[in-house]
Every structure is written in C-alpha cells, then in structure tokens.
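# Observations on chain architecture
If you want the building blocks of each chain, they are given just below.
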Number of protein chains: 2
Amino acid sequence: MTDALTIALDAMGGDLGPEAVLGAAVATLERDPHARLLLVGREEVLSGARERHAGRFGDRLGFVAASEVVAMDESPREALRRKKDSSLRVAVDLVKRGEAAACVSAGNTGALMATAKFVLKTLPGVDRPAILAPVPTVTGFTWMLDLGANVTCDAENLLQFAAMGSVVAADLGGIEAPRVGLLNVGEEDIKGNDTVREAARLIGASGLNYIGFVEGNDIFGGEVDVVVTDGFTGNIALKTMEGLARMIAGQLREEFSCTGLRRLQALAALPALRALRQRLDPRRYNGASLVGLNGIVVKSHGSADATAFANAIRVALEEARKGVPVHISRMLENQKTSCTHV
Amino acid sequence: MTDALTIALDAMGGDLGPEAVLGAAVATLERDPHARLLLVGREEVLSGARERHAGRFGDRLGFVAASEVVAMDESPREALRRKKDSSLRVAVDLVKRGEAAACVSAGNTGALMATAKFVLKTLPGVDRPAILAPVPTVTGFTWMLDLGANVTCDAENLLQFAAMGSVVAADLGGIEAPRVGLLNVGEEDIKGNDTVREAARLIGASGLNYIGFVEGNDIFGGEVDVVVTDGFTGNIALKTMEGLARMIAGQLREEFSCTGLRRLQALAALPALRALRQRLDPRRYNGASLVGLNGIVVKSHGSADATAFANAIRVALEEARKGVPVHISRMLENQKTSCTHV
C-alpha cells in the first residue's frame with residue numbers, strides 16, 4: 001500500500017445521488033489495486049455503504065462524515081459561507097490537509113470552484129483557475145478550457161489557460177508538444193476582438209506550441225490538442241455540443257423505432273449503432289479538471305451514473321500520479337522567466 | 001407577371017461556382033411561377049447560361065454582367081473599396097436601385113455584409129445589422145442571431161437583435177409571439193456578464209415575448225424560437241454545431257462500412273439512415289439573413305450545392321413577400337415609442 005493514492009469522493013453531489021458514487025467507488029477499487037477512496041457524506045448514507053462494502057476492501061475504502069449537502073441550485077457564495085460541514089467542503093478540506101491527493105464531486109459546479117479557490121488557493125502565477133475537459137475529435141481528444149469558471153477573461157488569463165491546458169494534454173494525453181489553438185471567429189490574424197488578438201500575441205511568444213486561431217468546427221478535426229477560450233464562449237460551445245449530440249441520438253432512436261419494420265432493421269444495424277454509441281458515449285470522458293488550484297479537484301457531470309463517475313475518479317488518480325499542479329507551477333514559472341519582457 | 005418578385009443572384013460566389021447557382025435558379029423557376037431571377041456574373045459565365053436556358057424561361061431569367069469577382073478570403077474593406085464591378089456588389093446595387101427585391105450570394109460573408117451596409121444602409125433604429133439563420137431543433141427550428149457580424153455587442157445591440165429575430169420568426173416561421181431567449185452560461189438572473197444582464201433587463205421591458213436566459217443545450221430543445229447572442233459567441237456556437245454534426249455523420253458512415261457484414265447491415269438500416277440524414281440535412285435550411293439593412297440580402301453557405309442554394313433563394317423570396325425590412329422598421333419604431341424611459 002506504499003504507493004496507494006487516496007481520493008476523496010463527495011458522495012452527496014450529482015443528480016443520481018450516493019448510489020452512483022458508491023457504484024463508481026466499488027468499480028474503481030476492483031480495477032485499481034493502488035487506489036484508496038474516502039466516501040464523504042451523511043452518516044446514514046455512509047453506514048449503509050460501510051455495511052455492504054467495508055469488509056471487502058479493508059482500509060482501501062474509508063468513510064468521512066459530513067452533515068450538510070450543497071444543493072445543485074444553491075448560490076456558490078452562500079454554500080461557501082454557510083455550509084462548512086457539507087460533503088463538498090469536507091472533500092476539498094481533505095485535499096487541503098493532505099489526507100487525500102485529489103477530490104471528485106458531481107455537485108454544484110460554482111460552489112465547488114468557489115470552495116476550492118477559497119480552501120486550496122490558486123497556484124503562484126495563476127490569476128484565475130479554469131475548468132478544463134476533454135472533447136472527442138475524429139482522432140481522439142482535444143482539451144478545452146475555460147468551460148465556464150470565468151465569464152470575462154483578459155489576454156493574460158487566456159495565456160495562462162494555454163499553459164495549463166498544455167500541461168494537462170501532455171500529462172493525461174501523453175502528447176509531447178500539445179498544439180494550442182485560440183478559439184475565434186476566423187483564422188486570419190485580423191479576426192476577433194482585441195482580447196483574442198492580444199492573447200494570440202502573448203501565446204505566440206510564450207514558447208508553447210501555438211498553432212494560431214481555430215474556429216468552432218476545428219475543435220473536432222484532430223488538428224489541435226488544446227482549445228483556449230473564455231468561460232462564456234467555452235461554456236456555451238460545450239453545452240451546444242451536448243444539446244446537439246442528444247438531439248441527434250434521439251432522432252436516430254426515433255427513426256429506428258417509428259415502425260415495426262424499422263425496428264427489425266435496427267436489429268440488423270445494432271452492432272454498428274452500438275459501436276457508434278460507444279464512440280460518442282460522454283461517460284467515457286466524464287471528468288472536468290479544475291486547473292490552476294493548489295490541489296487536484298475533478299468535477300463529474302451532474303447526471304453522471306456509476307460508469308461516468310468512475311471515469312472522473314480515473315482522471316483524478318491520473319492527475320495525482322502525474323503531479324499536474326506541480327507541472328503547472330513549473331510551466332508558469334518558466335514562462336515568467338522567459339517572457340518577462342513580452 | 002404582375003406579382004412576380006425579382007431576386008438577384010451572385011453567380012460567382014461560393015466554393016462550387018456558377019453551376020450550383022445556375023442549377024438552383026433553374027429549380028426555382030420551375031417550381032415558383034412568380035419568381036424572376038437575375039444572374040449576375042462574368043460575361044463568359046452568363047453567355048453559357050443564356051444559351052442553355054434563356055429560351056425556356058423568357059424574361060423570368062435575366063442576366064447582368066459584372067466583370068470582377070470577390071475572392072472568398074479577400075479583405076471586406078479591400079473588396080468594398082476596389083471591386084466596384086464585382087458580382088457581389090452589382091447584385092446588392094440591383095436591390096438598392098429597386099431592380100431586385102432581394103439578393104442572394106454564397107460569396108465572402110464579410111464582404112457581403114460590408115457592401116450591403118455601405119450600399120443599402122441600415123434601417124432607422126438599427127445600430128448594427130446582424131446575421132440570422134434557422135437552426136434545427138427537436139420540434140422545428142429556432143432563429144439564432146448574431147452569427148458573426150459583430151464580435152462585440154452592447155446590451156442595446158442585443159435588444160435590437162431580439163426585435164429583428166422576432167420579426168423573422170414571425171414572418172418566416174409563422175410563429176405568433178416568438179419566444180425570445182438570451183444565450184448565457186446559466187439560467188439564473190445573476191449568471192453571465194454585465195452586458196447580458198443589462199440586455200435581459202432591456203428585452204424583458206421591451207414587450208417582446210422574452211422567456212429569459214437559455215443555455216447552449218436549450219438551442220435544440222424546441223422551447224425557444226429566437227436565440228439572441230453576440231456575433232463572437234454565436235459564430236463559435238454555429239461552427240461548433242457544424243463540426244460536431246459532420247464528425248457524427250462521418251463516424252456513422254465509418255461504423256457502417258468497416259466490414260463487409262456491416263455494409264450489409266447498413267443496407268437494412270438504409271431507410272432509417274436516409275430519413276435521419278434528411279432531417280439533419282443542412283441544405284434544407286441553408287440561407288442566412290443579413291437583417292437590419294434597408295433591403296433584403298441572403299447569404300448562402302459557401303459550400304452550398306444547387307439544392308442548398310435554391311433554399312437560400314426561397315428564403316429571399318419569402319422575406320420579400322412578407323416585407324421583413326418594413327416589419328423590422330415598424331417593430332423598432334414601436335419599441336422606441338413604448339420604451340423611451342426604460
């Protein structure tokens with residue numbers, strides 16, 4: 001157990017509740033002998049889980065009581081101010097005290113970010129943490145940020161996002177010199193607003209592998225590894241993808257079930273449709289990273305089931321093993337040294 | 001022929017060139033006995049078309065020579081300044097002189113907007129024209145603007161977009177009191193930046209059927225008829241949709257052709273797949289409106305084929321028949337009267 005990594009799990013967050021988190025925890029412990037998990041939640045939830053699973057995993061499955069729960073629609077400020085014994089807060093506190101290497105929550109995104117910023121603080125050289133997630137492309141994934149933490153960003157923020165995204169693409173994606181693109185309304189230098197043009201200048205001079213402006217359709221083309229944008233545009237682009245993918249999946253289902261004959265045809269097409277569903281399954285890449293913090297915090301989608309939540313735990317384990325925050329610090333430190341006079 | 005409507009077509013714009021425009025023109029004239037079309041382009045292009053089709057349609061197909069062509073990547077400012085005899089410019093001039101009720105071009109979007117603004121001017125009460133297009137939803141369409149004309153917008157611009165979008169949704173979509181949503185990163189009043197919050201206040205007090213903030217995924221849900229956003233976010237959202245839809249279509253094709261057996265299964269699934277393709281076919285809703293101008297200008301997608309371009313012509317005819325610019329003027333005039341003290 002010397003190389004075991006402990007991850008704290010907010011058992012109360014998300015739309016599906018503790019059962020999804022517990023299912024994900026069991027799957028993770030079965031798969032990964034070096035993982036140790038701490039379930040954080042209300043005593044009555046924990047006692048049930050303890051009875052059913054504790055014997056089986058020994059001290060690889062721990063329990064930490066937290067008496068409160070942050071609601072999905074609660075104001076982040078209120079949650080931070082009033083709910084000091086919420087499962088979300090206690091999970092982040094465990095990271096702060098070094099009792100967990102990372103934490104995962106499917107709860108209220110704003111409250112998680114506000115709590116993480118307050119408790120863990122940002123890394124030196126980071127003005128604003130960001131939300132980063134992988135997006136599927138024709139060849140694999142691209143890492144996109146910010147997905148909603150910062151509705152307005154200046155050029156310096158975008159430069160820091162580019163650096164943090166490059167670290168995650170390298171650490172989690174195994175990409176040597178990640179290609180960084182800045183999301184814009186055209187590829188020519190003159191396109192966009194003052195902020196993106198200034199950010200282009202800064203990123204271009206930073207030593208990162210900057211490939212220039214990219215457009216919305218380029219996200220999926222496999223020719224960019226890190227897509228940098230402000231949290232307003234990034235959040236809207238991400239949710240637009242979610243909505244469109246859901247609509248297409250629904251229409252595919254409808255077309256294959258509108259008549260008895262179509263249902264028979266669907267049976268024949270099942271292998272291909274299953275393969276497609278697996279390729280596009282958002283559970284396979286669930287787990288957004290809150291980057292720029294002095295600690296590792298992973299946000300699972302609110303609607304995550306056990307499979308999806310298990311993937312978010314995998315992301316947290318991977319970031320902890322690779323030491324993403326240390327790498328981000330080092331990257332920003334290097335940039336500061338090399339770009340003082342930009 | 002008293003009620004014939006004349007539409008000027010830029011025959012030189014777009015990636016597929018004059019053949020797509022000519023094919024669309026022929027299809028339109030065959031289908032719509034009240035349409036009259038003017039093909040605008042280089043003499044050598046027109047003479048070929050004249051030989052093949054003029055006899056058949058009589059004076060319903062006219063030809064106007066223009067010696068220059070605006071390149072797809074040409075700077076709008078340069079195109080406007082130097083190419084006064086381009087097909088794009090001459091098509092817009094025909095609208096200005098009242099010789100055409102509308103014009104359609106698949107050419108350079110920036111040049112088309114710059115030329116249209118310069119030649120036609122904006123309507124009284126409109127600070128900035130916008131690009132508007134229908135986006136498919138689970139129940140039909142939603143009209144979204146701005147899709148890229150204005151990379152920065154203030155709250156007053158967004159209010160005007162809401163009014164113009166409502167007119168188009170009513171005139172082209174037949175919707176009585178179009179539900180207007182403002183694109184944001186969350187639905188709560190406190191979400192977003194100062195501009196969208198101020199715009200929410202203005203639109204809420206305008207008398208339009210304002211339903212509040214909507215998120216990226218809500219675009220497709222069928223519960224909003226007009227989605228208002230700035231041109232930076234709107235362009236990125238639109239191109240993100242295009243890119244994702246293309247990726248999913250490609251993956252569907254791949255899954256159904258990766259083995260001989262899968263190809264057989266695809267044959268069985270063909271009716272459903274065809275129906276899906278038809279539902280999602282972007283050619284069915286090709287044709288973005290440049291709204292807020294003192295004249296009707298429709299932008300066809302650069303990659304439009306004859307079917308897609310014909311749809312853009314249909315949009316232009318429909319806007320001309322309904323009198324969209326007059327309705328926009330009247331709507332903004334009413335708003336001004338009723339909202340002076342907002």
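Please refer to the structure placed before this passage.
Residues numbered from 1 in each chain as written. Chains lettered and ligands numbered in written order. Predicted model: local features only at pLDDT ≥ 70, side-chain atom pairs only at ≥ 80, totals over all residues. Heavy atoms only, no water.

### As for the packing of helix H1 (residues 18-31) of chain A against helix H10 (residues 306-322) of chain A
Residues and elements named next belong to chain A. Close contact between H1 and H10 brings their axes to 8 Å; oriented N to C, the two are set at 55°. Here H1 is positioned oblique relative to H10, judged by the angle of their axes. Where H1 crosses over H10, the two elements pack in a sense that is right-handed. Between H1 and H10, the residues in contact are Ala 20, Val 21, Gly 23, Ala 24, Ala 25, Thr 28 and Arg 31 and Ala 306, Phe 309, Ala 310, Ile 313, Arg 314 and Leu 317, respectively. In terms of residue class, the contact of H1 with H10 is made up of 9 nonpolar, 2 polar and 2 charged. (Axes fitted to C-alpha atoms, helices over the stretch in contact; angles between N-to-C directions. Helix = DSSP H or I, 4+ residues; strand = E, 2+ residues; numbered from the N terminus. Parallel < 35°, antiparallel > 145°, perpendicular 65-115°, else oblique. Left-handed = near helix turned anticlockwise from the far one by under 90°. Contact = heavy atoms within 4.5 Å. Nonpolar A, V, L, I, M, F, W, Y, C, P; charged D, E, K, R; others polar.)

### Digging into the nonpolar core
With 150 residues, the main nonpolar core has Met 144, Leu 182 and Val 228 of chain A together with Met 144, Leu 182 and Val 228 of chain B as its most contacted residues. Setting aside anything within four residues of it in sequence, one finds Met 144 of chain A in contact with Ile 131, Leu 132, Ala 133, Val 135, Leu 183, Ile 219, Val 227, Thr 229, Gly 234, Ala 237 and Met 241 of chain A. (Core = buried A, V, L, I, M, F, W, Y, C linked by side-chain atoms within 4.5 Å. Buried < 20%, exposed > 50% of the residue type's maximum accessible area, 1.4 Å probe, protein only.)

### A short note on the sheet that holds strand S11 (residues 296-299) of chain A
Residue and element names in this part refer to chain A. Pairing within the open sheet is mixed, and its 11 strands lie in the order S3-S2-S1-S4-S11-S10-S5-S6-S9-S7-S8. The open sheet has two free edges, formed respectively by strand S3 (61-65) and strand S8 (209-214), since each of these has just one partner strand. Mean inter-strand twist for the sheet, computed between neighbouring axes without regard to direction, equals 25°. Alignment of strand S1 (residues 5-10) against strand S2 (residues 35-41), held across 6 bridges, turns out to be parallel. Looking across to S2, one finds that Ala 8 is bridged to Leu 38. Across the face of the sheet, helix H4 (residues 87-96) comes into contact with S1, S2, S3, strand S4 (102-105) and S11 while running at roughly 145° to S2. With respect to the sheet, helix H8 (residues 231-255) is in contact with strand S5 (130-136), strand S6 (141-145) and strand S7 (179-183), its orientation differing from that of S6 by roughly 140°. (Pairing = 2+ DSSP bridges.)

### A closer look at the sheet that holds strand S9 (residues 226-228) of chain B
All names here are of chain B. Reading across from one edge, S3-S2-S1-S4-S11-S10-S5-S6-S9-S7-S8 is the order of the 11 strands in this open sheet, with mixed pairing throughout. Among the strands making up the open sheet, the edge pair consists of strand S3 (61-65) and strand S8 (209-214). For this sheet the average axis-to-axis angle between neighbouring strands, irrespective of direction, equals 25°. Where strand S4 (residues 102-105) and strand S11 (residues 296-299) come together, 4 bridges link them in parallel fashion. Bridging across to S11, Val 104 finds its partner in Val 298. Relative to S11, helix H5 (residues 109-120) is tilted by about 175°, and along the sheet it contacts S4, strand S5 (130-136), strand S10 (288-291) and S11.

### Brief notes about the side chain of Asn 286 of chain A
All names here are of chain A. Relative to the helices and strands, Asn 286 is located in the loop between helix H9 (260-280) and strand S10 (288-291). Classification of Asn 286 as buried rests on a relative accessible area of 8%. A polar contact is formed between the side chain of Asn 286 and the side chain of Ser 300, at a distance of 3.0 Å. Among all residues touching Asn 286, those that are not within four sequence positions of it are Ser 300, His 301, Ala 304, Ala 308, Phe 309, Asn 311, Ala 312 and Val 315. (Polar contact = N/O pair within 3.5 Å; in protein donor to acceptor, adjacent residues only side chain to side chain.)

### Quick look at the environment of Asp 281 of chain B
Among the structural elements, Asp 281 of chain B can be located in the loop between helix H9 (260-280) and S10. Sequence separation of Asp 281 of chain B and Val 119 of chain B is 162 residues, and the distance between their C-alpha atoms is 33 Å.

### Some words on the relation of the copies chain B and chain A
For the pair chain B and chain A, the best superposition has an RMSD of 0.0 Å and corresponds to a rotation of 180° with a translation of 0.0 Å parallel to the axis. What we have between these two chains is a two-fold relation. Most of the interface of chain B is mirrored in chain A, where 100% of its interface residues are also at the interface. (Least-squares fit on C-alpha atoms with pLDDT ≥ 70 in both.)

### Quick look at the interface of chain B and chain A
Bring the parts together and some accessible area is lost; that lost area is often taken as the interface size. Opposite the 48 residues of chain B that make contact, chain A presents 48 residues. With both chains or domains summed, chain B and chain A bury close to 4,500 Å², and 71% of this area falls on carbon and sulfur atoms. Taken together, the links from chain B to chain A amount to 2 salt bridges. Taking the shortest distance from any N to any O, the salt bridge between Lys 239 of chain A and Glu 215 of chain B comes out at 2.3 Å. The interface formed by chain B and chain A contains 4 residue pairs in polar contact (both at pLDDT 80 or more). It is helix H8 (residues 231-255) of chain B that provides the largest number of residues to the side of chain B that touches chain A, a total of 19 residues. (Buried area = accessible area lost by both parts, 1.4 Å probe. Salt bridge = Lys/Arg side-chain N within 4 Å of Asp/Glu carboxyl O.)

### Structural notes on empty space enclosed by the protein
Residue and element names in this part refer to chain B. By the definition in use, this model includes 6 cavities of 30 Å³ or more. The volume enclosed by the largest cavity comes to roughly 60 Å³. Elements supplying a minimum of two residues to the lining of the largest cavity: S10, S11 and helix H11 (324-338). With 3 residues, the top contributor of residues to the lining of the largest cavity is H11. Residue composition of the lining of the largest cavity, by class: 9 nonpolar, 2 polar and 1 charged. (1 Å grid on protein atoms, 1.4 Å probe; cavity = no way out; pocket = protein on both sides within 12 Å on 5 of 7 lines; lining within 4 Å. Points joined across faces, edges and corners; volume = space filled by probe spheres on them.)

### Notes on the state of the cysteines
On inspection of all chains with the given rule, the structure shows 0 disulfides over all chains. For Cys 153 of chain A, which is in no disulfide, the shortest distance to another cysteine sulfur is to Cys 153 of chain B and amounts to 18 Å. Cys 153 of chain A gets classed as buried once you look at its relative accessible area, which sits at 14%. (Disulfide = S-S within 2.5 Å.)

### Re the environment of Glu 68 of chain A
Residues and elements named next belong to chain A. Secondary-structure assignment places Glu 68 in the loop between S3 and helix H3 (76-82). Given the relative accessible area of 25%, Glu 68 is considered partly exposed. Here the alpha-carbon distance between Glu 68 and Asp 85, two residues 17 residues apart in the chain, equals 5.6 Å. Sequence-distant contacts of Glu 68, that is, excluding residues within four places in its chain, are made with Arg 82, Lys 83, Lys 84, Asp 85, Ser 86 and Ser 87.

### Details of unusual backbone geometry
Residues and elements named next belong to chain A. Of note, the bond from Leu 145 into Asp 146 is cis; its omega dihedral lies within 30 degrees of zero at 0°. Here Asp 146 shows up in the loop between S6 and helix H6 (155-173). Backbone geometry places Lys 121, a non-glycine residue, at a positive phi of 65°. Along the chain, Lys 121 turns up in the loop between helix H5 (109-120) and S5.

### Focus: the pairing of S2 of chain A
All names here are of chain A. Along S2, 6 of the 7 residues are buried, which leaves the element largely enclosed by surrounding structure. For the handedness criterion, the β-α-β arrangement of S1, H1 and S2 is classed as right-handed. Note that S2 and S3 share 5 bridges and pair parallel. Looking at the pairing, Leu 37 lines up with Leu 61 of S3. Taking the sense of rotation as the criterion, the β-α-β connection linking S2, helix H2 (residues 43-57) and S3 turns out right-handed. (Right-handed = clockwise from strand over helix to strand, strands pointing away.)

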